[in-house]
Amino acid sequence: MKQPIVIVDHFKMQFGSTTVIEDLSFNVQPGETFGLLGSNGSGKTTTIRALLGIYPPTGGTLTVSGKPYKVDSGIRLGYLPEERGLYKKEKVIDIMVYFGQLKGMTHNAAQTWSEKYLERVELTDKRDVRLDKLSGGQQQKIQLGITIMNDPELLILDEPTKGFDPVNRRLLMTIIEEHQNAGATVIFVTHQMEEVERLCDRIILLKDGKAEAYGSVVDVKKSFGGASLDDIFLKVYGEQIEEASRA
Amino acid sequence: MANKSRRLPVHNLTTVFRFEVMRTLKKKSFWIMALAFPLLIGAIIAIVFFSNKTTQKAVSETKNQQFSLGITDKSGMITQAVFDAYKIKQIPDRVSGISDVTAGKLDAYFYVPTNLATQSIEIHANDVGLFNNSRYQSVVSSILSSSASATVSSDVAMVLQNRVKYESTTYKDGKKYDGFKQVIAPGVFLVMFYLVIAFFGNQMLTSTTEEKENRVIEMILTTIEARTLIIGKILSLIVLATIQICLILIPIVVAYMFARSQLSIPDIDLRSIPLNPARIAVGVGLFMSSFLFFTGILTSIGAAVPTAKEAGGFLGIVMIMIFGPLYAVTLFVSSPHTPLVTFLSYFPLTAPIPLMLRNAVGNLSYPAAILGITILSISAVLALGLAIRLFRYGALEYSRRLNIREIFSRKP
């Protein structure tokens, strides 16, 4: 077995007196698509933020390619955060080129790449338009483009389909599959079981800051008596979902 | 679509710097703000220019204007030669004079009483408008002055007419010393600091709130170091401030070069302005350390609050701290060793103005200047460190103000 690209070892996270993650361990193999599943508030985003060094962990270690992630560690990362946003008052091409350069591309390379991407997603005519003049779906496409523009070896997508219309969702799935085929490692944070079933090799189910289930999709299904992922999700998080809907 | 000609994501400072400068320069609001002040100066210069020109024209016209004049001179001061020169009609009594004016026979009548030390000269004249009515007083004053001068020597006349010229030379430590000119070169840094903070305070304050408000922070923090972003932004602010200062200075220099006399600008030979290298060096040190300190403070505030609007509320407090000491300006000049001046000079939040002002007027000793620069430099490093930490660990607090204790309790 290859050395895991991501290792989360006895990760613990507290905010003040609130414990968000109690003791979490998992790893992600190079080239696999890994699903980080859980209901709202289960600690998925916190785990990703700690993995990427945005939050310092309260305990345990989180590494990418053998060391804690730093922006200058040489890993080509594509990260689509749950909280989406870009510079609203700038032109689409300027934002894309800026991020491309920050990710290590030359100005010309970033511009060429951006123009090809805009052509692909049918936004060429929006090249010189301010971002805030674009529709929500168009802005999502731009953000997705920025996420993948450095040909990432590790692609982390936090609730990627959130707010996407069916057309953009299909585009997203196609792009993820392209990166899978190109050998990228994909971490997919979601609670959309249909997408998990279609894309993920292995998954982890988080509940109350702990792993409720962890393994290949097939193994997890088996451990729940062969139920579908939807049923498993309802079984694990049913009470929480009901509580949330009552509230 | 993958690009193979890429470098690893290091040294992004120039990218951030260029992006921040270019996008600000592309904003209409920047140019409106940047040009508003020089345009205002230009407008004031134009108003002063035309006002002076019009006044000079009016004075000249008034001087040459002929109007009929009558005087009753009870003092006996006015000589016959003056009566003749000014073509003045001698009126025997006050009542006749006033009646000649009201009847339209005379434009003006002056009653000069016996004792000028205790009594007033009366002026009775046709109304020629609010501003032009003052010409009558000028004329009577001129008549009396000419008459008085005729009775004394030319030197005494010069003294009486306050036309004696003066040329003063002051000395300090046995050498010629022009206190006013000495202020100019080191004083430039005080003016620059004032302008930079006044024009860019708000931009410094909101420079870090944008990433937060636009929710772009996570993508930024996983792409570049917070330190790189903050330093890139600060460098861009320095460049933008320099552009702003140039835009302010250009019309002033143009006015000085081409319209000095029309604008009544003092005729100072620029080559005669003393350049004391040590005081200029102190000025540079104070300006740079003060600028960085307040940039750090304002950036920290921006990083600690969720929105630009909320950040704006703190700007007033910071401005009071910086510019409040200006109210004690006479104290800094006349009593630089009082405890209050010492406190204001070394307390980081109030130090820039007192230190730069005292350096300009020459009562800041070099040890005191070094101490001040050291305090401000250390404060600047701490403030910038705080700004980076707040941005790094507080950036994801989208909806609430940061708790400083919470930020510092986090492990790096």
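## Concerning the domain arrangement of chain B
For interface size, the figure often reported is the accessible area lost on association. Structurally, chain B comprises domain 1 (66–160) and domain 2 (179–409). On a C-alpha basis, the centroid separation for the pair domain 1 of chain B and domain 2 of chain B is 59 Å.

## A word on a nonpolar patch on the surface
A cluster of nonpolar side chains, contributed by B:Leu249, B:Ile250, B:Ile252, B:Val253, B:Val254, B:Met257 and B:Phe258, occupies part of the molecular surface with about 680 Å² of accessible area. Turning to its location among the elements, B:Leu249 is positioned in helix 10 (residues 226–258).

## Here we look at the packing of aromatic side chains
Under the definition given, this model contains 15 aromatic pairs over all chains. Judged by centre distance (5.4 Å) and plane angle (10°), the ring pair of A:Trp113 and A:Tyr117 falls under stacked. Here A:Tyr117 and A:Trp113 lie together in helix 3 (residues 107–120), a separation of 4 residues that amounts to about one turn. As far as the burial class goes, A:Trp113 and A:Tyr117 line up, both buried. Plain terms: the ring middles of B:Phe293 and B:Phe294 are 5.1 Å apart, the flat faces sit at 65° to each other, and that makes the pair edge-to-face. One aromatic cluster is present, built from ring pairs that chain together A:Tyr87, A:Tyr98, A:Phe99 and B:Phe19.

## What about the pattern of salt bridges?
Scanning all chains against the criterion turns up 22 salt bridges over all chains. A salt bridge links A:Lys210 to A:Glu22; the nearest nitrogen and oxygen atoms lie 4.0 Å apart. You can see A:Lys210 sitting in strand 9 (residues 210–216) and its partner A:Glu22 sitting in strand 2 (residues 18–28), a full 188 residues away along the chain. The partner of A:Glu90 in a salt bridge is B:Arg23, with the nearest N and O atoms 3.1 Å apart. Taken as a pair, A:Glu90 in the loop between strand 5 (77–80) and helix 2 (92–102) and B:Arg23 in helix 1 (residues 13–25) lie in two separate chains rather than in one. In this structure A:Glu90 comes out as buried when scored by relative accessible area, which is 6%.

## Section: the sheet that holds strand 5 of chain A
Residue and element names in this part refer to chain A. Read across the open sheet, the 6 strands follow the order 5-6-7-3-8-9; overall the sheet is mixed. Only two strands of the sheet have a single partner each, and these edge strands are strand 5 and strand 9. Neighbour-to-neighbour, the strand axes of this sheet turn through a mean angle of 10°, independent of strand direction. When strand 3 (residues 33–38) meets strand 7 (residues 185–190), the two strands line up parallel, connected through 5 bridges. When the sheet's bridge partners are listed, Leu36 is paired in strand 7 with Val189. Together, strand 5 and strand 6 (154–158) form the strand contacts of helix 4 (residues 136–148), whose direction differs from that of strand 5 by roughly 155°.

## Topic: the packing of helix 7 (residues 179–206) of chain B against helix 10 of chain B
Residues and elements named next belong to chain B. Following both chains from N to C, one finds helix 7 and helix 10 inclined at 130°, their axes separated by 10 Å at the closest point. Between helix 7 and helix 10, the angle falls in the class oblique. Our pair here, helix 7 against helix 10, has a crossing hand that is right-handed. For the pair helix 7 and helix 10, contact is made by Met192, Leu195, Val196, Phe199, Phe200, Gln203 and Met204 and by Leu237, Leu240, Ala241, Gln244, Ile245 and Ile248, respectively. Considered class by class, the residues forming the contact of helix 7 with helix 10 number 11 nonpolar, 2 polar and no charged.

Rules used in this analysis
Residues numbered from 1 in each chain as written. Chains lettered and ligands numbered in written order. Predicted model: local features only at pLDDT ≥ 70, side-chain atom pairs only at ≥ 80, totals over all residues. Heavy atoms only, no water. Domains from an automatic or database assignment. Patch = residues over 30% accessible without salt bridge, like charges linked within 9 Å, V, L, I, M, F, W, Y side chains within 5 Å. Areas by Shrake-Rupley, 256 points an atom, 1.4 Å probe, with all protein chains shown as cover. Salt bridge = Lys/Arg side-chain N within 4 Å of Asp/Glu carboxyl O. Helix = DSSP H or I, 4+ residues; strand = E, 2+ residues; numbered from the N terminus. Phe/Tyr/Trp six-rings, centres within 6.5 Å; stacked < 30°, edge-to-face > 60°. Buried < 20%, exposed > 50% of the residue type's maximum accessible area, 1.4 Å probe, protein only. Pairing = 2+ DSSP bridges. Axes fitted to C-alpha atoms, helices over the stretch in contact; angles between N-to-C directions. Contact = heavy atoms within 4.5 Å. Parallel < 35°, antiparallel > 145°, perpendicular 65-115°, else oblique. Left-handed = near helix turned anticlockwise from the far one by under 90°. Nonpolar A, V, L, I, M, F, W, Y, C, P; charged D, E, K, R; others polar.

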